[in-house]
Amino acid sequence: MGKKLFLLLNKAAVRRILIFIAFLVLLALAYTAYKAFGQALDDRQRDWWFIGSFFPRTDDRNMPPILDILSEFGKSPRIGGETYISQLFSGALFTLREAFVAFVVGSIVGLVLAVLLAQSKLAERGVMPWVIVSQTIPLIAITPLVVLWGQANLDFLPWEWKTWMSVSVIASYLTFFPVAVNGVRGLLSPSSEHLELMQSYGASRVSILWKIRFPASLPFLFTAFKLAATAAVVGAIVGEISTGVSGGQGLGKLIFEFARTYAAAPERLYLGVIGAGITGLFAFGLIVLVEKTILNSTGQQIRE
Amino acid sequence: MEVVSISNLSKIFNTGKDNEVEALREIDLTVTKGEFIALIGPSGCGKSTMLRLIGGLIPITSGELSVNGKTPTKAREERDYGMAFQSAGLLEWRTARKNIELPLELMGWSKAERIKRANEMLELVQLGEFARSRPAELSGGMQQRVAIGRALSFNPALLLMDEPFGALDEMTREHMQDQLLDICHKTESTVIFVTHSIPEAVFLSTRVVVMSPRPGQISSIVETNLRAGDNTADNTKIRNDERFYKKVTEVREALYGK
Amino acid sequence: MGNELTRFSTWLSTALKWLAPLIFGVLMVTVWEVLLLVINPENFLLPRPSEIFSELIDDLSKISDDRSKIWAATKTTGFIMITGLFWGIVWGVATALLVTLSRAANETLTPIAVAINAIPIIAVAPLFNNWLGLTSPRSNQMVVMMLVFFPIFITTARGLTQVDSQQIELMNSYAASKWKILRSVRIPNALPFFFTALKLVAPLSIIAAIVVEYFGGSQNSLGALITASASFADYSKAWSVVVAGSIMGMGLYFVALTAEKITLARDRSPRLLLIAWQKITGRTTGA
């Protein structure tokens, strides 16, 4: 297993990871440098019409030093209380659970939709525009309503409807879209030769779907899964932020809390951002690993 | 015994629309068991269309066409023929052996039977040690051989081949021609073979059907039959034989409408 | 006679292409309306379409005497969205053009961008609020811009660099300049990529613009209006604001789609945009 993982992390991947780490270090250096010299620059261009007072001020309240930010991870709200890093960690787990449910639900819905739409040109023409329209509806903005609705109307379910499930439902609204769109593209990707070949065997629609269309769409689906994983995390965080109700201990809730109390500790704003970034990268990286494993074993090319 | 019989067959695409095309007009052709028919003609003369009509992949417009005494669709559903295309058309995610197993899976063969037959086919096309290779790891000629193995895997009495060697280099192509003939003799298959190459048509066939374009019609049929039923004939000898060149000239003249 | 019939069937199939989404949409809204009328739940979550639309029209009818809340909020949020979108596209395309100059730059910057694109950028909103001011539109613009920048940059850079190497060799054989290669090979190749990204970010930008308004910005915005309506349990109002937002998103998507259709219509030459512009405006630039 360890060896397998090592093989997946080939030279190019290792280089990419190193580049990204170097980028983060550079970013921190640039931040510190700007903090040292930026104020003078900003004062100088304050009256220019096209930039104006654009650059942030560099005092410690607006831009706390990097080391302060890092040391904030180890602090806790009360003496002997839970440290922020462990709060962030459990928050990330909570959010990842929401995101995972959203990813699964959205992917299933997207796949079913793709299979249906790939059956007929007319269905695709009629429904596809609405699939796109669905993404212009900022449904994420009404997560609070979904939470209320879920609590009021879903008590017939064998399990208790929790707030985080509403957040997952809303996040899945973002994840089904890439899966549906790429799924249709993938299902329609087999060449006419492959289709004619299957026809020449008198194959049924179902076996064409199963043996040709579905395997051919795998690379397309993984492209979609990468997008969906990111969207699921974003959806979960935003959903938590916009619900703002109790019962959530996720990253979004933490970010919101940190933003609310930033006057006391501006460092914590950065903690939230870093935590969300790592969580997003984790979800994305996980799909990339699965993609590499599966497409390696089927001998298919990864689509970028 | 008649394997394919075509009479007064016509095919028109997009009937009644602005882009209406008359692809084939009044085709008459009968193919008997064991024959190797080469279809030759300029691009756009409807050779491939004819092959697809025989395969029941597209419907005929008028006339009559039967395969093994059945309608083409019925023959297709009963898997009476195997088909091979210009590009090998292998599924990239399947190994060579799994590609050959594809039609057998659809026909509900058991796993053990499938593997046994696929291995036999791989031996036949001389790719025994490449069973686990994926198409991307095989050369163009090897892929084409897998495709032919796939077409033959379920013992169809009729093979429909659409320029299967079109994309191969000359050396591989001649080698493949020899192998194809060898396989066909062993399995006593009937073949309808679309090609662009005059020497290929003459060398392989018992009869060359020469077609003219727009609308596609049979302009003449040249009896070649260089082997005269002798399956052990030396292929190199035939390629260098004077009769071969004569027939090539004959087909060429028929093609240019002399 | 037969000819007329086929012309009719051609016309019918063209009409169907446009009608199919319309029919499906009407069907969906009708089912929604009827279903809610029949099962009649409390006015929770999902008001009937007729309620939403009457709310929307009711509000928009006050535009003339300047009392339309939705219209005012749409202007605020729309401004943030469009400016953010605009600068995101400009910077994204500019950076993509920049990385075509050097292979090393491309291979360094693209993985970084791909990684950042996997980060929930909306989480950065509080930071920008802190830097640029809680009520300033700048921070919201910055978030929308960042959200737009990465997909545009990644996809366009891919289109500019993943060109047929034979085409580049051919151009090199003509001793073509880098600029000439860019214009006649890379940019035409990148256009479809660019538009794919554009269609992706157009709806994304409206969602982003509304969501960042949870953190701060003007109180007179779509996001704030949704929150306020929801907290007063005025759900059809909240939904009518959501509809207003999505109309804006659809409009943007349609603009992106039209630009794509015009540009990629016959060939992939950017000059076509110019021709289309001349056709639309009726202006010509001489011979």
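What counts as what
- Residues numbered from 1 in each chain as written.
- Chains lettered and ligands numbered in written order.
- Predicted model: local features only at pLDDT ≥ 70, side-chain atom pairs only at ≥ 80, totals over all residues.
- Heavy atoms only, no water.
- Helix = DSSP H or I, 4+ residues; strand = E, 2+ residues; numbered from the N terminus.
- Rg over C-alpha atoms; globule rule 2.2 N^0.38 Å.
- Buried < 20%, exposed > 50% of the residue type's maximum accessible area, 1.4 Å probe, protein only.
- Contact = heavy atoms within 4.5 Å.
- Areas by Shrake-Rupley, 256 points an atom, 1.4 Å probe, with all protein chains shown as cover.
- Lys, Arg positive; Asp, Glu negative; His and termini not counted.
- Charge placed at Lys NZ, Arg CZ, Asp CG, Glu CD.
- Core = buried A, V, L, I, M, F, W, Y, C linked by side-chain atoms within 4.5 Å.
- Domains from an automatic or database assignment.
- Axes fitted to C-alpha atoms, helices over the stretch in contact; angles between N-to-C directions.
- Parallel < 35°, antiparallel > 145°, perpendicular 65-115°, else oblique.
- Left-handed = near helix turned anticlockwise from the far one by under 90°.
- Nonpolar A, V, L, I, M, F, W, Y, C, P; charged D, E, K, R; others polar.
- Pairing = 2+ DSSP bridges.
- Phe/Tyr/Trp six-rings, centres within 6.5 Å; stacked < 30°, edge-to-face > 60°.
- Lys NZ or Arg CZ within 6 Å of the ring centre and 35° of its normal.
- Buried area = accessible area lost by both parts, 1.4 Å probe.
- Salt bridge = Lys/Arg side-chain N within 4 Å of Asp/Glu carboxyl O.
- Polar contact = N/O pair within 3.5 Å; in protein donor to acceptor, adjacent residues only side chain to side chain.
- Patch = residues over 30% accessible without salt bridge, like charges linked within 9 Å, V, L, I, M, F, W, Y side chains within 5 Å.

1. Brief notes about the overall build of chain B
Here's step 1: In terms of helices and strands, chain B carries nine helices and nine strands.
Here's step 2: The C-alpha radius of gyration computed for chain B amounts to 18 Å, which stays within 12% of the reference 18 Å derived for 258 residues, consistent with globular compactness.
Here's step 3: With the principal axes as the frame, chain B shows a C-alpha extent of 50 × 45 × 35 Å.
Here's step 4: Looking at chain B as a whole, 52% of its 258 residues qualify as buried.
Here's step 5: For chain B, the proportion of contacts with a sequence separation of at least 24, taken over those separated by at least 6, is 68%.
Here's step 6: Entry remark: accessible area of chain B is about 11500 Å², with carbon and sulfur atoms responsible for 47%.
Here's step 7: When the 33 basic and 35 acidic side-chain charges of chain B are each reduced to a single mean position, those positions are 4 Å apart.

2. Here's the deal with the nonpolar core
Here's step 1: Membership of the largest hydrophobic core comes to 133 residues, with the highest contact counts inside it found for Ile142 of chain A together with Ile152, Phe153 and Leu198 of chain C.
Here's step 2: Per-element accounting of this core gives the leading share, 16 residues, to helix H8 (residues 178-212) of chain C.
Here's step 3: Mapped onto the domain boundaries, this core takes at least three residues apiece from domain 1 (1-63) and domain 2 (66-303) of chain A.
Here's step 4: In terms of nonpolar packing, the next biggest core, distinct from the first, is built from 46 residues, Leu122, Phe165, Leu204 and Val208 of chain B among them.

3. A look at the packing of helix H10 (residues 218-243) of chain A against helix H12 (residues 267-298) of chain A
Residue and element names in this part refer to chain A.
Here's step 1: Contact geometry for H10 and H12: axes closest at 9 Å, N-to-C directions at 165°. Accordingly, the angle class assigned to the pair H10 and H12 is roughly antiparallel. H12 is crossed by H10, and the crossing has right-handed handedness. In this structure, H10 contributes Leu218, Pro219, Phe222, Thr223, Phe225, Lys226, Ala229, Thr230, Val233 and Ile237 to the contact, and H12 contributes Ala276, Thr279, Gly280, Ala283, Phe284, Ile287, Val288, Val290, Glu291, Ile294, Leu295 and Thr298.
Here's step 2: Among the residues forming the contact of H10 with H12, the class breakdown is 15 nonpolar, five polar and two charged.

4. Observations regarding the sheet that holds strand E3 (residues 36-40) of chain B
Working definition: the strands of a sheet are paired by backbone hydrogen bonds and lie parallel or antiparallel to each other.
Residue and element names in this part refer to chain B.
Here's step 1: Here we have six strands laid out as an open sheet, ordered E5-E6-E7-E3-E8-E9, and mixed in their pairing. The open sheet is flanked by strand E5 (81-84) and strand E9 (217-223), the only strands paired with a single partner. Each strand of the sheet is rotated relative to its neighbour by a mean of 15°, with strand direction disregarded.
Here's step 2: The pairing of E3 with strand E8 (residues 207-212) spans four bridges and is parallel. From the neighbouring strand, isoleucine 40 faces E8, where its bridge partner is valine 210.
Here's step 3: In this fold helix H9 (residues 242-256) packs onto E3, E8 and E9, with an angle of close to 165° to the strand it touches most, E9.

5. A word on the environment of leucine 204 of chain C
Here's step 1: Tracing the backbone through its elements, the reader meets leucine 204 of chain C in helix H8.
Here's step 2: When the C-alpha positions of leucine 204 of chain C and methionine 81 of chain C are compared, they lie 9.7 Å apart, and in sequence the two are 123 residues distant.

6. Digging into the sheet that holds strand E1 (residues 2-13) of chain B
Residue and element names in this part refer to chain B.
Here's step 1: Here we have three strands laid out as an open sheet, ordered E2-E1-E4, and antiparallel in their pairing. Single-partner strands in this sheet number two, and they are strand E2 (21-32) and strand E4 (62-67). Averaged over all adjacent pairs, the angle separating strand axes in this sheet is 20°, with direction ignored.
Here's step 2: By the bridge criterion, five bridges tie E1 to E4 in an arrangement that is antiparallel. Each bridged residue has a counterpart across the sheet, and for valine 4 the counterpart in E4 is valine 67.
Here's step 3: Helix H1 (residues 47-54) rests against E1, E2 and E4 of the sheet, and its axis sits at about 120° to E1.

7. So, the packing of aromatic side chains
Here's step 1: Applying the stated criterion to the full structure yields 16 aromatic pairs over all chains.
Here's step 2: With centroids separated by 6.2 Å and ring planes inclined at 50°, the aromatic side chains of tyrosine 173 of chain A and phenylalanine 176 of chain A adopt a geometry described as tilted. Taken together, the residues tyrosine 173 of chain A and phenylalanine 176 of chain A, both in helix H7 (residues 163-187) and three residues apart, mark about one turn of the helix. The two residues tyrosine 173 of chain A and phenylalanine 176 of chain A agree in class, both being buried.
Here's step 3: Site record: aromatic cluster; members linked through ring pairs are Phe103, Phe222 and Phe225 of chain A.
Here's step 4: In this structure, arginine 97 of chain A packs its charged tip against the face of tryptophan 164 of chain A, placed 4.1 Å from the ring centre.
Here's step 5: Here lysine 11 of chain B stacks its cationic end above the ring of phenylalanine 13 of chain B, 4.9 Å away from the centre of that ring.

8. Things to note about the domain arrangement of chain B
Residues and elements named next belong to chain B.
Here's step 1: Examined at the domain level, chain B breaks down into domain 1 (2-80 + 157-256) and domain 2 (89-155).
Here's step 2: For domain 1 and domain 2, the distance between their C-alpha centres works out to 24 Å.
Here's step 3: In this assembly, 15 residues from domain 1 lie in contact with 14 residues from domain 2.
Here's step 4: Both sides of the domain 1 and domain 2 interface together cover about 1200 Å² of buried area, and 71% of this is carbon and sulfur.
Here's step 5: The three residues of domain 1 that bury the most area against domain 2 are Arg79, Gln179 and Ile183, which together make up 41% of that side's buried surface.
Here's step 6: Linking domain 1 with domain 2 are zero salt bridges, by the criterion used here.
Here's step 7: At the junction of domain 1 with domain 2, the criterion picks out four residue pairs in polar contact (both at pLDDT 80 or more).
Here's step 8: Those elements that provide at least two residues to the side of domain 1 that touches domain 2 are strand E6 (158-162) and helix H6 (170-187).
Here's step 9: Looking at the side of domain 1 that touches domain 2, the element that brings in the most residues is H6, giving seven residues.
Here's step 10: Residues that form the side of domain 1 that touches domain 2 fall into these classes: nine nonpolar, four polar and two charged.

9. Quick look at the interface of chain C and chain A
Here's step 1: Each partner contributes residues to the interface: chain C has 49 residues there, and chain A has 57 residues.
Here's step 2: Of the roughly 4800 Å² buried between chain C and chain A, counting both surfaces, carbon and sulfur atoms make up 80%.
Here's step 3: Between the two partners, chain C and chain A, sit one residue pair in polar contact (both at pLDDT 80 or more).
Here's step 4: Residues that form the side of chain C that touches chain A fall into these classes: 37 nonpolar, eight polar and four charged.

10. Concerning the pairing of E9 of chain B
Residues and elements named next belong to chain B.
Here's step 1: In this structure, E8 lies alongside E9, joined through six bridges in antiparallel fashion. Paired with valine 208 across the two strands is valine 222, which belongs to E9.
Here's step 2: What sits between the antiparallel neighbours E8 and E9 is a turn of four residues, in which arginine 214 has the positive phi angle 45°.

11. Some thoughts on unusual backbone geometry
Residue and element names in this part refer to chain B.
Here's step 1: A positive phi angle, near 55°, is found at asparagine 8, a position not held by glycine.
Here's step 2: Within the element layout of this structure, asparagine 8 appears in strand E1.
Here's step 3: You can call asparagine 8 partly exposed: its relative accessible area is 44%.
Here's step 4: Its identity is not glycine, yet glutamate 163 carries a phi of approximately 45°, on the positive side.
Here's step 5: Assignment of secondary structure puts glutamate 163 in the loop between E6 and H6.

12. With respect to a positive patch on the surface
Here's step 1: Together, Lys121 and Arg125 of chain A together with Lys17 and Lys261 of chain C make up a positively charged patch on the protein surface.
Here's step 2: By secondary structure assignment, the location of lysine 17 of chain C is in helix H1 (residues 2-39).

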